[in-house]
Structures are given as C-alpha cells and as structure tokens.
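As a plain string of letters, each chain reads:
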Amino acid sequence: MVTRLDPKLFDATTENTWCAGCGDFAILKALKLALADQNIEPHQVLAVSGIGCGSKLPDYMNINGYMTIHGRPLPVATAAKLANPDLHVIVVNGDGDSYGIGGNHFVQSCRRNPNITHIVENNQIYGLTKGQYSPTSDKGFVTTTSPDGSIELALNPLAVALAAGATFIARAFAGQPKPMAQMIAEGMQHRGYALIDVLQPCVTFNRVNTYDWYRKRVYDLQEEESYDPSDREAAWQKAQEWEERIPLGILYRAEGMPAYEDQVKALEGGSPVSRLTELVRNPRPEQYEPLKEEFL
Amino acid sequence: MEYAQFLREVREDGCFVSSEETEAAVVSVLMALAQVLPGPQLRALSSRVPPEAMVYLRRTSSEPDPLFDSHLFLGWVVSSLDATGMRDKTTGGLDLTAAYSGDEAIRRMGCVFSALKRQLEPAQQRELAAALPEVVDGWFLNA
Ligand SMILES: Cc1ncc(C[n+]2csc(CCOP(=O)(O)OP(=O)(O)O)c2C)c(N)n1
Ligand code: SF4
Ligand SMILES: [Mg+2]
C-alpha cells in the first residue's frame, strides 16, 4: 500500500482516556492509515459507534462522528448511508455493543447488506463497565459477573455472520496493525456489509486473552495458498477454529451481491443529500414539494 | 551473566516484591522487544542475554510490523502487571486494577532496560535504540 494522504490528518486533539497499552490504540492507528492510503479525506467519512471503551474511537479522530445509545450504531449507520450514499460509513464498537445488546442489529445487517464497514473491537469483555463477561468471553471465564466462570458457550461472530448472509467477513489482531489496516481498506472497498472482527487485548480487565495469548495462536490465512475466501464451506470450517489456532485475514468474500441501498427505489434519482445540495446550489422551489413528498 | 543474577539485579533496582513479579516484567519486555527489533538487532541482543532469556526473544513473523508503536509495546508490559491500585483512567473513578498502570509499567520497563544495557557496549545500545519505535527509544536510552 502506498500512503497518499498523511494519516496525521485524522488526528484529533481530544484527550484520550484509554488505558496505557489498550489494543484500541492499534485499531485507531490502523483505521487512520487505511483512510489515508485510500486518499479519503476527513469530511468524506462518518464513524458511528455505541457505548463502551472502543466506542470512544470516533472522538479520537478528525472525521464526522456519531455516538449512539448502547448497541444501536448499525441501524443509525444504515440510515446515514441511505441518506448520503457518497459518505464512507464506518461502524466501530465493542463486542458487547455489537454482539450483545446490538446482536439483533448485527444479524439483520448481515442479511441486509448495506454498504458499510463494521469494525468490532472484540476484547471478550465489557471494558468500560469494569470487567463483566461478554458474549464472546470463552466458557469458564472468571469475571465479576461470572465468579465461578461463565456458563454459556462463547458466541462465534464469524460463524453467525456467515450463517446470516454477510458478504465480507474478516478477522484481525490488534497486535498486528499493518495487516489490520489492509483488511479495513479491503472491507471499505467491498460493496456491501463488511465485518472486521478485531481481537483487541483489554490489558486492564481481561488477563487471559493477552497480546501473548493471541500471538501464540494466530496465523495468517494467506499463508495457506489453497485457501479460497469465496468458498463458503471452507469459510465455515475456518470460522470454527479457536483455542489452539486462530485464523486471521479475510475468511469470506462474496463479490457481485447488490448492496441494500442499490435496491432502494427512492434512491434511483440520486441520494436525498445530493439532491438537496443540488437544490441549495441551484434553487428551483417548484422541486421542493415533490422531493419532500417522496421522502415523508 | 547467569539468569538468576540478571533477575536479582532487576529486582533490586525496581524494588519488586517477588521474583514472580520480576520475571513477569523481564519476560514481557523481552517479548515486546522481539516484536519490534529487526533480525540483526534481535540476534545481537540474543547473544548478550542469559540463555534462559533468549527464548523470549523469538519472533514468529519474519519482519516486525512497521505500525507497532509505543502503545503496543507498553501493552505487553501492562498485561504482565498485577493490580497496582489507585485511580483508574477509564472513568475517573476508583478501580483497584486499572490504576496508574502505564506509569508503573514504564517504571518496571526501565529497570529491565537498564539491566539489559549493562550487557551491551555503548555503541550497541545506540544501535538498538535506533531500531526501537518512537518514544520507546527514549525509555530505553533514559533507563
Ligand atoms: C442500555 C444500556 N445498557 C447498559 C449500559 C452499560 N454499558 C455501558 S458500556 C457496556 C458494555 C461495553 O462493552 P463493549 O461493547 O464490549 O465495549 P468495551 O468497553 O469492552 O470496549 C455496558 C453494559 C448502557 N450504557 N446502556
Ligand atoms: S478497560 Fe480495557 S478496553 Fe477499556 S481502555 Fe482500558 S484496556 Fe482498553
Ligand atoms: Mg468489549
């Protein structure tokens, strides 16, 4: 990847309150690089998040940002994309926000296929609320809300996404930011919903799934020359791998599927935002009423 | 130098309460170094540390990740800390585990760095520092 824009363009002056060493720093860095490498300017991006440590990310970037209530960034992002399909819309939120309280929106987004990129900061815990087990916590994980070890099986987000019809499914590791930046860029270039689940060490509350724990297990799918990400069966097999070996990279990619907004009749004549902008630039009052009617 | 002696020096320098705590700091700093140092510097460092410490200087990928920065470096060390008490940064409240973990990790890292520096000639120290990410080089040189 050749860097075109300077990633520093995306730096914000907001005080960062993540703990020292948090894996979220690497995700922030990778996202800035992915945008710079694609020559995308700050005003062309909207990052939508929910509530959680990871959801603070839009505040730490010089782009458009929207923090929704807990678990709701996906529908808000879908609406933003419908209103303005020219915008690069990125959802960035934690595993609790994405797969717990926002779990229904996650499944519906997979099958709806809006053209948005979803980066999940998956630290297998609720970080902001001080260490309760999350949907992706491994069975037996001891936390304040699971003193005897969590009882449930961990949710497998990649398998759920595949079963629900997602067209781009990838996994990255915060300890390897360069390939993560590449995956984010590829997810953004994919037409449709792109899930990038990032294994993100929470150095404060998750003392099991540390940088070293992941580093010992992760491997790059690209090293398996015969692996074909368009093969759904193969992706299903890979999505089952955990514990001993954890695959990183693009597990599944289905090309040529129409994105949700490509099929919305109301957008055939152009996006609401671009049509309104055009009217502001070139006022033709007789057009306001039909346009209003169309969208009300 | 023998590994036990190396650990003793780090422990005395950093007033660590236990040998486990000392070794956790040493191992985490070595493993973080293994993530960032290019092959030649990694091999040079390996040849100067006790054999027991060499295993932690192994890297699985051939090249270091160019985006690996001081936050990630610190992450490896913070992960090795036990509860350190005091105020935490996440909400400004009281939390017994979050604490000033970054400051404590930098302090512990400094003790390991200074023990490592004693194994290296000044020119080797400068060469190693030049290969470290921004900010980490300063932590190393000032240790
Ligand atoms: C409706 C609602 N329920 C619960 C909460 C409390 N709450 C805030 S963040 C959070 C969990 C965050 O976990 P995750 O999404 O994994 O983010 P992390 O902090 O780990 O990055 C919870 C339960 C809330 N803010 N709103
Ligand atoms: S609590 Fe965990 S996830 Fe939250 S900022 Fe700290 S290390 Fe990061
Ligand atoms: Mg979480």
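Residues numbered from 1 in each chain as written. Chains lettered and ligands numbered in written order. Predicted model: local features only at pLDDT ≥ 70, side-chain atom pairs only at ≥ 80, totals over all residues. Heavy atoms only, no water.

(A) Examining the overall build of chain B more closely. Looking only at helices and strands, chain B has 8 helices and 0 strands in total. The linear arrangement of helices and strands in chain B, starting from the amino end, is α-α-α-α-α-α-α-α. When burial is assessed residue by residue, chain B has 53% of its 143 residues classed as buried. Pairs at least 24 apart in sequence give 62% of the contacts found in chain B among residues at least 6 apart. Counting only carbon and sulfur atoms, one obtains 54% of the accessible surface of chain B, whose full area is about 6800 Å². (Helix = DSSP H or I, 4+ residues; strand = E, 2+ residues; numbered from the N terminus. Buried < 20%, exposed > 50% of the residue type's maximum accessible area, 1.4 Å probe, protein only. Contact = heavy atoms within 4.5 Å. Areas by Shrake-Rupley, 256 points an atom, 1.4 Å probe, with all protein chains shown as cover.)

(B) Structural view of the interface of chain A and chain B. Each partner contributes to the interface: chain A provides 28 residues, whereas chain B provides 24 residues. With both sides pooled, the region where chain A packs onto chain B buries about 2300 Å², and carbon together with sulfur makes up 63% of that total. Among the residues of chain A in contact with chain B, Arg207(A), Tyr211(A) and Arg215(A) are the three that bury the most area, contributing 23% of the side total. Seen at the junction of chain A and chain B, the total is 1 salt bridge. Residues Asp69(B) and Lys29(A) are paired through a salt bridge, measuring 3.2 Å at the closest nitrogen-oxygen approach. The tally of links from chain A across to chain B stands at 3 residue pairs in polar contact (both at pLDDT 80 or more). Contributing elements (two or more residues each) for the side of chain A that touches chain B: helix H1 (24-37), helix H6 (177-189) and helix H7 (211-217) of chain A. (Buried area = accessible area lost by both parts, 1.4 Å probe. Salt bridge = Lys/Arg side-chain N within 4 Å of Asp/Glu carboxyl O. Polar contact = N/O pair within 3.5 Å; in protein donor to acceptor, adjacent residues only side chain to side chain.)

(C) Highlighting the coordination of the magnesium ion (ligand 3). Residues and elements named next belong to chain A. Every protein donor of the magnesium ion (ligand 3) is listed here as Asp95 (OD), Asn123 (OD1) and Ile125 (O), and their distances to the metal cover 2.1 Å. Taken in chain order, the donor set of the magnesium ion (ligand 3) reads D-x27-N-x1-I. Of this pair, Asp95 sits in helix H3 (residues 95-101) while Asn123 is found in the loop between strand E4 (117-122) and strand E5 (125-126), placing the two residues 28 residues apart along the sequence. For Asp95, a relative accessible area of 1% gives the class buried. For Asn123, a relative accessible area of 6% gives the class buried. (Donors = N, O, S within 2.8 Å, 3.2 Å for Na, K, Ca; no water.)

(D) Spatial organisation of the pairing of E4(A). All names here are of chain A. Within E4, 6 of the 6 residues are buried, which leaves the element mostly enclosed by the surrounding structure. A two-sided burial pattern is seen for E4, the buried positions comprising Thr117, Ile119 and Glu121 on one face and His118, Val120 and Asn122 on the other. Of the pairings in the sheet, the one linking strand E3 (residues 88-94) to E4 comprises 5 bridges and is parallel in character. Each bridged residue has a counterpart across the sheet, and for Ile90 the counterpart in E4 is Thr117. (Pairing = 2+ DSSP bridges.)

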